[in-house]
Amino acid sequence: MLDIITRFFTKDSVSSKDVARERLRLVLVHDRASVSPEFLNQLKEDLIKVIREYLDIDEEALSVDLENEDDSIALVANIPVKGFKRAG
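These lines cover the structure that appears in this document, whether it is placed above or below. Note that the structure is predicted; figures quoted are calculated from it, not measured.

1. Some thoughts on the pattern of salt bridges
Considering all chains together, one arrives at one salt bridge under this definition. With a shortest N-O distance of 2.9 Å, Glu59 and Arg52 are connected by a salt bridge.

Written out as structure tokens, the structure is:
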């Protein structure tokens, strides 16, 4: 339990094992969704481009993913917001 809390509140470097596991999970979700990794990357870049116009975001901590549950697929985006940009 303490390990989970520590990971949540610190930005320790991620081990190569964890990166490989996450990549494999993404590949499996992409295969089930019939979406290429390139498509997800383009979608992520487009989302960042649009959101950046309105918000100051932490792009390093940003994550965009597809999640597969039963017969549905969800696009899940975690976008840490640093602040709001003024309307100009």
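Structure shown, so let's carry the discussion forward.
2. Some thoughts on a negative patch on the surface
The grouping of Glu67, Glu69, Asp70 and Asp71 at the surface amounts to a negative patch. Among the structural elements, Glu67 can be located in strand E2 (residues 63-69). A residue is classified by how much of its surface remains accessible, and Glu67, at 35% relative accessible area, is partly exposed.

3. Remarks on the nonpolar core
Listed in full, the nine residues of the largest apolar core are Val35, Leu40, Ile48, Ile51, Leu55, Ile57, Leu62, Val64 and Leu66. Put simply, the parts of the chain that give this core at least two residues each are helix H3 (37-52), strand E1 (55-57) and E2. What Ile51 contacts, discounting residues up to four positions off in sequence, is Ile57 and Ile79.

4. Let's talk about H3
Helix length check: H3, at 16 residues, gives a terminal C-alpha distance of 22 Å against a target of 22 Å (1.5 Å per residue), a fit within 8%. When H3 is considered as a whole, its buried residues turn out to be Leu40, Ile48 and Ile51. Projection of H3 onto a plane perpendicular to its axis shows the buried side chains occupying an angular sector of 75°, all on one side. Facing away from the buried side of H3 by over 90 degrees, the exposed positions are Glu38 and Lys49.

Cut-offs and rules
- Residues numbered from 1 in each chain as written.
- Predicted model: local features only at pLDDT ≥ 70, side-chain atom pairs only at ≥ 80, totals over all residues.
- Heavy atoms only, no water.
- Salt bridge = Lys/Arg side-chain N within 4 Å of Asp/Glu carboxyl O.
- Patch = residues over 30% accessible without salt bridge, like charges linked within 9 Å, V, L, I, M, F, W, Y side chains within 5 Å.
- Areas by Shrake-Rupley, 256 points an atom, 1.4 Å probe, with all protein chains shown as cover.
- Lys, Arg positive; Asp, Glu negative; His and termini not counted.
- Charge placed at Lys NZ, Arg CZ, Asp CG, Glu CD.
- Helix = DSSP H or I, 4+ residues; strand = E, 2+ residues; numbered from the N terminus.
- Buried < 20%, exposed > 50% of the residue type's maximum accessible area, 1.4 Å probe, protein only.
- Core = buried A, V, L, I, M, F, W, Y, C linked by side-chain atoms within 4.5 Å.
- Contact = heavy atoms within 4.5 Å.
- Expected span 1.5 Å × (residues − 1).
- Arc of directions from axis to C-beta.

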